[in-house]
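Below, each chain spelled out in residue letters.
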Amino acid sequence: MADKKAARLPRKTYEKELLRQQTELVKLQEWARASGTRLVVVFEGRDAAGKGGTIKRVAEHLNPRVARIAALPKPTERERSQWYFQRYVEHLPAAGEIVLFDRSWYNRAGVEHVMGFCTKEEHQLFLRQCPIFERMLVEAGVLLRKYWFSVSDTEQQERFRRRLEDPLRRWKLSPMDLESITHWEAYSRAKDEMLVHTDISEAPWYVVESDDKRRARLNMIAHLLSSVPYREVPPPVLELPERPPSTGYQRPPRDLQTYVPDHAASL
C-alpha cells in the first residue's frame, strides 16, 4: 500500500492533464450534438471506488442539457413490478445526448444479488438478458462504454474512515456501505460472475485501477476519448453586439427591494 501512495500522480501534472482532457470532452460533446450521436457511459465498482469523483470531472464543463448524470434511487413498488431494465430505458439518451450512469442496471449483478434484494432466479435471468439488452442498444446505434473501478480492500477502508471523520463527506457514507466491508469476498465473486456473462465483444468491460484517484480519472477519460471517433466541430461565429443607447429607463429606488445582507463584509 505504501508503494501505491508513493506513486501517486503529482497534483500539478494531474490538473494540467485533466484540463486538457476536459477541453477534449467539450469537443466530444459538441460532436455528439452535431452528429446526433447517442453515448452511454456506465460507471460501476465497489463503494468508494472513485466513480462519483470521476463522473464529476467528466461532467464538470459539459452542458447539462447535452450530458446528464443518471443516478437512480431505489425502485418504487411500481418499478419493482416492471421488467427489470424498463426504468433504465427511460434514461437512455436521444440523438445528440450523453448519459453518464452513476451505477446502472448492473445493480442486480452486485448489491441486489449480494445483499439478497433479488432472488437467485432474478439474478440468473439478469445475467442471461443483460447481454441481449446491450446488444440491442449497440445495434440501435448507441455508443456504450462500461467501466469497472477496481479498488483494494485497504484503500476502500481508508476512504470509508476519511468519510466518517469529514463532515463535508459524511453524507457519502451509508450503513449499506459499511456493511459491504463484511461482504468483500461475496462482492468479488459477484463481480467475477458478472464479467463472465456480460463482458461481450459488442460492449466490453474496461477495468480502471482506482487506488490512486487522480490516475484513475485521467486513465478513464483518456480511454473514453480514444474510443469515440469524435472530431472538432467549428463553433458558430458569434459577435458581441453594441449596447443600444438609453431610452430613459430609471431603476427603482433600492429601498423598495429586499437585498441579501453583505455577509462577506464581516469576514
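Higher on the page you've got the structure.
Residues numbered from 1 in each chain as written. Predicted model: local features only at pLDDT ≥ 70, side-chain atom pairs only at ≥ 80, totals over all residues. Heavy atoms only, no water.

(A) Fine view of the overall build of the protein. Counting its secondary structure elements, the protein contains 11 helices and 5 strands. Taken along its principal axes, the extent of the C-alpha atoms in the protein is 75 × 50 × 45 Å. Each of the 267 residues in the protein was classed as buried or not, and the buried ones make up 39%. Excluding contacts between residues fewer than 6 apart, the proportion of contacts in the protein whose partners are at least 24 apart in sequence is 80%. (Helix = DSSP H or I, 4+ residues; strand = E, 2+ residues; numbered from the N terminus. Buried < 20%, exposed > 50% of the residue type's maximum accessible area, 1.4 Å probe, protein only. Contact = heavy atoms within 4.5 Å.)

(B) A look at the packing of aromatic side chains. This model, assessed by the stated rule, comprises 17 aromatic pairs. When the ring of tryptophan 148 is compared with that of tryptophan 205, the centres are 6.5 Å apart and the planes differ by 85°; the resulting orientation is edge-to-face. Within this pair, whereas tryptophan 148 is found in strand 4 (residues 143–150), its partner tryptophan 205 is found in strand 5 (residues 205–209), the two being separated by 57 residues in sequence. This pair shows no difference in class: tryptophan 148 is buried, exactly as tryptophan 205 is. Through a chain of ring-to-ring contacts, three or more aromatic side chains come together here, namely Trp83, Tyr84, Phe85, Tyr88, Phe101, Trp105, Tyr106, Phe126, Phe133, Trp148 and Trp205. Geometry around tryptophan 184 places arginine 46 over its ring, the cationic atom sitting 3.5 Å from the centre. The ring of tyrosine 88 has arginine 87 sitting right over it, with the charged end atom 5.2 Å from the ring centre. (Phe/Tyr/Trp six-rings, centres within 6.5 Å; stacked < 30°, edge-to-face > 60°. Lys NZ or Arg CZ within 6 Å of the ring centre and 35° of its normal.)

(C) Molecular detail of the environment of arginine 135. Along the chain, the position of arginine 135 falls in helix 7 (residues 120–139). Judged by its relative accessible area of 30%, arginine 135 falls in the partly exposed class. The spacing of arginine 135 and glutamate 202 is 67 residues in sequence and 6.4 Å in space, taken between C-alpha atoms. The residues touching arginine 135, leaving out its near neighbours within four places in the chain, are Ile200 and Glu202.

(D) Region of interest: the sheet that holds strand 3 (residues 97–102). Spatially, the 5 strands line up as an open sheet ordered 2-3-1-4-5, and their pairing is parallel. With one partner strand each, in any of the chains shown, strand 2 (67–70) and strand 5 form the two edges of the open sheet. Averaged over all pairs of adjacent strands, the angle between their axes in this sheet comes to 20°, without regard to strand direction. Of the strand pairs in this sheet, strand 4 and strand 5 are connected by 5 bridges, and their pairing is parallel. (Pairing = 2+ DSSP bridges. Axes fitted to C-alpha atoms, helices over the stretch in contact; angles between N-to-C directions.)

(E) Looking closely at empty space enclosed by the protein. Under the counting rule described, the total for this entry stands at 1 cavity of 30 Å³ or more. Considered as a void within the structure, the largest cavity measures approximately 50 Å³ in volume. Looking at the lining of the largest cavity, the elements with two or more residues in it are helix 2 (11–35), strand 1 (38–45) and strand 3. (1 Å grid on protein atoms, 1.4 Å probe; cavity = no way out; pocket = protein on both sides within 12 Å on 5 of 7 lines; lining within 4 Å. Points joined across faces, edges and corners; volume = space filled by probe spheres on them.)

(F) Structural context of the pattern of salt bridges. Counted under the stated rule, the structure contains 22 salt bridges. With its nearest N and O atoms 3.5 Å apart, the salt bridge here joins glutamate 15 to arginine 11. Here glutamate 15 pairs with arginine 11, and both are found in helix 2, just 4 residues apart, close to one helical turn. Taking the relative accessible area as the measure of exposure, glutamate 15 reaches 42% and is therefore partly exposed. Salt-bridge contacts for aspartate 166 lead to arginine 169; the nearest nitrogen and oxygen are separated by 3.1 Å. Several salt bridges share partner residues, and in doing so they unite Glu155, Glu158, Arg159, Arg161, Arg162 and Glu165 into one network. (Salt bridge = Lys/Arg side-chain N within 4 Å of Asp/Glu carboxyl O.)

(G) Spotlight on the environment of leucine 9. Mapped onto the elements of the fold, leucine 9 is located in the loop between helix 1 (2–6) and helix 2. For leucine 9, the residues in contact, after removing those within four places along its chain, are Tyr14, Asp212, Arg214, Arg215 and Leu218.

(H) Just unusual backbone geometry, in detail. You will see that alanine 48, though not glycine, has its phi angle at about 65°, which is positive. You can see alanine 48 is positioned in the loop between strand 1 and helix 3 (51–59). The phi dihedral of arginine 103 is positive, around 70°, even though this residue is not glycine. Along the chain, arginine 103 turns up in the loop between strand 3 and helix 6 (111–114).

(I) Summary view of the nonpolar core. Grouped together as the largest cluster of nonpolar side chains are 29 residues, with contacts concentrated most on Val41, Leu100, Phe149 and Met220. Broken down by secondary-structure element, the contributors of at least two residues to this core are helix 2, strand 1, helix 3, strand 3, strand 4 and helix 11 (213–227). Leaving out residues up to four positions away in the same chain, valine 41 has contacts with Val99, Leu100, Phe101, Arg145, Tyr147, Met220 and Leu224. One finds Val40, Tyr84, Val99 and Phe126 within the second-largest nonpolar core, a separate group that totals 24 residues. (Core = buried A, V, L, I, M, F, W, Y, C linked by side-chain atoms within 4.5 Å.)

(J) How the structure looks around the environment of glutamine 86. Take glutamine 86: it is sitting in helix 5 (residues 86–89). Note: C-alpha distance between glutamine 86 and tryptophan 105 (19 residues apart in sequence) is 9.6 Å.

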